[in-house]
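# Observations on the three-dimensional arrangement
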Amino acid sequence: MRWKKGHAYGAVLTVAALLASAACSSPQDSDSSAKAAAGDRTIRPVEGCGAKSWTDPKDRSPTRTPARCLPGSPPPQPLSEPRELTIATGTLSAEYVAPLQVALDKGEFKREGLDVELKVLPTPDALPLLAKGDIDALWAAPEAAVMNGIKGGFDIKWVAGNFSPAPNSKSGLWVRLKEGDTAHRVAMGGRTLGTMIGKGSVIAYPMEKALEKHGGGLADIQYQQLGSADVLTALQNGGVDSAWLLDPVWRKVDGKQGYAFLGGQPPGEPLGGMLYGRTLLQDDVEAGVALLRAYIRTVNTYFASDYKQNATFVTYLAKLLKAEEPILKSTPSLRMDWEIRAGTTTRLQSAYEAQGVAEGDPLPESRTVNRALYEEAVGHLP
């Protein structure tokens, strides 16, 4: 369903009303095989996708090789009728959005019969629209707001991962050192942290690990939500004491006096990716699989390994993302990874509880994750 530009979202609707409407709305009627729920569908072998196209979700080794098919695989399977889909994302310039940008630019979605629009929307605004079916997918993460929304009746699941950082990446928690601080010991209690999501972001999980070495727990930090373009500026001008900086933004402070890197995302464990609502989980699973098939094919074709070894591709990527090419070149390639590790949402919810933003009892993974669509896309039989 294409997002209408005149749609009034956000402040005019209360969360309570949205939860109620999501819970009371009935699935759309459909007489096609797309009505079959994900997980109840026939899985067939896929050309170009063999044993290496799936890894055991329990494998959390930092050196795990991400799943891969051959370049150009899985091959397109155009839908019998074209679909218009809208994917919301918090930014179009971050490197982790590159597979979607490339898929759109290179026509990978079109090859599946999908007319895809990428729409910039903050997760809090996009989430109720996803639950209602006003947008079709969300490129984000299972934030605390997502978990709380599911508990409140939203039919949303995390269906594909995005990336994990390279071992030598310094994407993560950066701090401005104060008098008495060292890179090995920073008293974080009471300091401000700038993030795109604010309190309840998935970064709570890796931050909790980083803060074990420093003073101050998750509940002792003051969170300040900022736009993607404002996080670095706020850190540099003293508007916040610390910030979570993504690739390649952290390169602008790396090695500069007065800044320290405290820790980042666990290697080998994606913390975000594609979220689906009822539309692609139930009403039109064919389109949901097709969307992931195009995404996975893009990863296998353009991001299978160290894509920054290709200077021409880096130049292309910098223009596509409107990024500074020297900065983009200076950071290691992300490990693009469409799979979801076992237990990630459990660990995330534990961190949300430590922040004081979790509502009710933790959700089991069966309520938060659905791997069936990407398994179908690569032909893996569970």
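Here, every reference points to the structure presented above.
Residues numbered from 1 in each chain as written. Predicted model: local features only at pLDDT ≥ 70, side-chain atom pairs only at ≥ 80, totals over all residues. Heavy atoms only, no water.

## Remarks on the overall build of the chain
Of the regular secondary structure elements, the chain holds 14 helices and twelve strands. Within the chain, the fraction of its 382 residues that count as buried is 55%. The contacts of the chain with a sequence gap of at least 6 include a subset with a gap of at least 24, amounting to 83%. Per element, the accessible surface of the chain, about 16000 Å² overall, is 52% carbon and sulfur. (Helix = DSSP H or I, 4+ residues; strand = E, 2+ residues; numbered from the N terminus. Buried < 20%, exposed > 50% of the residue type's maximum accessible area, 1.4 Å probe, protein only. Contact = heavy atoms within 4.5 Å. Areas by Shrake-Rupley, 256 points an atom, 1.4 Å probe, with all protein chains shown as cover.)

## Overview of the packing of helix H6 (residues 204-211) against helix H12 (residues 344-355)
When two helices pack together, their arrangement is given by the angle between the helix axes and the distance between those axes. Packing of H6 against H12 leaves a shortest axis separation of 8 Å and a crossing angle of 70°. What the angle tells us is that H6 and H12 run roughly perpendicular. Once H6 is placed against H12, the crossing between them reads as left-handed. Facing Ala204, Tyr205 and Glu208 of H6, the residues of H12 in contact are Arg347, Leu348, Ala351, Tyr352, Ala354 and Gln355. Classifying every residue of the contact of H6 with H12 gives six nonpolar, one polar and two charged. (Axes fitted to C-alpha atoms, helices over the stretch in contact; angles between N-to-C directions. Parallel < 35°, antiparallel > 145°, perpendicular 65-115°, else oblique. Left-handed = near helix turned anticlockwise from the far one by under 90°. Nonpolar A, V, L, I, M, F, W, Y, C, P; charged D, E, K, R; others polar.)

## Some words on unusual backbone geometry
Here Ser73 and Pro74 are connected by a cis peptide whose omega angle stands at -5°. Looking at the secondary structure, you find Pro74 in the loop between helix H1 (15-24) and strand S1 (83-89). Its identity is not glycine, yet Lys322 carries a phi of approximately 55°, on the positive side. With respect to the helices, strands and loops of the structure, Lys322 is situated in the loop between helix H10 (311-321) and helix H11 (325-330). By relative accessible area, which is 76% here, Lys322 ends up exposed.

## A few points about the packing of aromatic side chains
Think of a pair of aromatic rings as described by two things: how far the centres are apart, and how the planes are tilted against each other in angle. Per the stated rule, a full pass over the model turns up eight aromatic pairs. Residues Tyr302 and Phe313 carry aromatic rings whose centres are separated by 6.1 Å and whose planes lie at 10° to one another, so their mutual orientation is stacked. One end of the pair, Tyr302, is in helix H9 (residues 285-302); the other, Phe313, is in helix H10, and eleven residues separate them in sequence. Residue Tyr302 is classed as partly exposed on the basis of its relative accessible area of 23%. Judged by its relative accessible area of 10%, Phe313 falls in the buried class. (Phe/Tyr/Trp six-rings, centres within 6.5 Å; stacked < 30°, edge-to-face > 60°.)

## Let's talk about the pattern of salt bridges
This structure, assessed with the given rule, holds 22 salt bridges. Asp284 is the salt-bridge partner of Arg83, the closest N and O atoms lying 2.6 Å from each other. Here Arg83, found in strand S1, pairs with Asp284, found in the loop between helix H8 (278-283) and H9; they are 201 residues apart in sequence, far enough to count as distant. Given a relative accessible area of 18%, Arg83 falls into the buried group. The exposure class of Asp284 is buried, given its relative accessible area of 14%. Across the pair Glu269 and Arg347 runs a salt bridge, and its minimum N-O distance is 2.7 Å. In this pair, Glu269 sits in the loop between strand S10 (259-264) and strand S11 (273-276) while Arg347 sits in helix H12, placing the two residues 78 residues apart along the sequence. Taken as a pair, Glu269 and Arg347 share a single burial class, namely buried. One connected set of salt bridges, linked through shared partners, spans Glu108, Arg111, Glu112, Arg293 and Arg297. (Salt bridge = Lys/Arg side-chain N within 4 Å of Asp/Glu carboxyl O.)

## Description of the state of the cysteines
Overall, the coordinates contain one disulfide when judged by the stated rule. The side chain of Cys49 participates in a disulfide bridge whose partner is Cys69; the two sulfur atoms lie 2.1 Å from each other. Linking Cys49 and Cys69, the disulfide has an S-S dihedral of approximately 110° and is accordingly described as right-handed. With Cys49 in the loop between H1 and S1 and Cys69 in the loop between H1 and S1, this residue pair connects regions lying 20 residues apart in the sequence. Accessibility assignment for this pair places Cys49 and Cys69 in one class, buried. (Disulfide = S-S within 2.5 Å.)

## Thoughts on helix H4 (residues 123-132)
Burial runs high along H4: seven of the ten residues are buried. When we look at burial in H4, the residues that qualify are Thr123, Ala126, Leu127, Pro128, Leu129, Leu130 and Ala131. Count one or two residues on from H4 and you reach Gly133, which has phi positive near 90°.

## Concerning the environment of Glu359
Here Glu359 shows up in the loop between H12 and helix H13 (365-368). Glu359 sits 211 residues away from Asn148 along the chain, and the two C-alpha atoms are 6.0 Å apart. Aside from chain neighbours lying at most four places away, what touches Glu359 is Asn148 and Lys151.

## Details of the nonpolar core
Looking at soluble globular proteins, one finds that nonpolar side chains tend to be buried together. Within the largest apolar cluster, 99 residues are counted, with the highest numbers of intra-cluster contacts made by Met207, Met274, Tyr276 and Leu291. In terms of residue count, H9 provides more of this core than any other element does, ten residues in total. Beyond its immediate sequence surroundings of up to four residues, Tyr276 is in contact with Leu130, Asp136, Ala137, Asp155, Ile156, Lys157, Val159, Leu281, Gly288, Leu291, Leu292 and Leu373. (Core = buried A, V, L, I, M, F, W, Y, C linked by side-chain atoms within 4.5 Å.)

## Here we look at the sheet that holds strand S9 (residues 242-245)
On the basis of which strands lie adjacent, the open sheet formed by five strands has the order S8-S7-S9-S6-S10 and mixed pairing. In the strand order of this sheet, the two ends are held by strand S8 (222-225) and S10, each with one partner. Ignoring strand direction, the axes of neighbouring strands in this sheet form an average angle of 25°. Where strand S7 (residues 192-195) lies against S9, two bridges are found, and the strand directions are parallel. Across the sheet, the residue bridging to Gly194 is Ala243, located in S9. (Pairing = 2+ DSSP bridges.)

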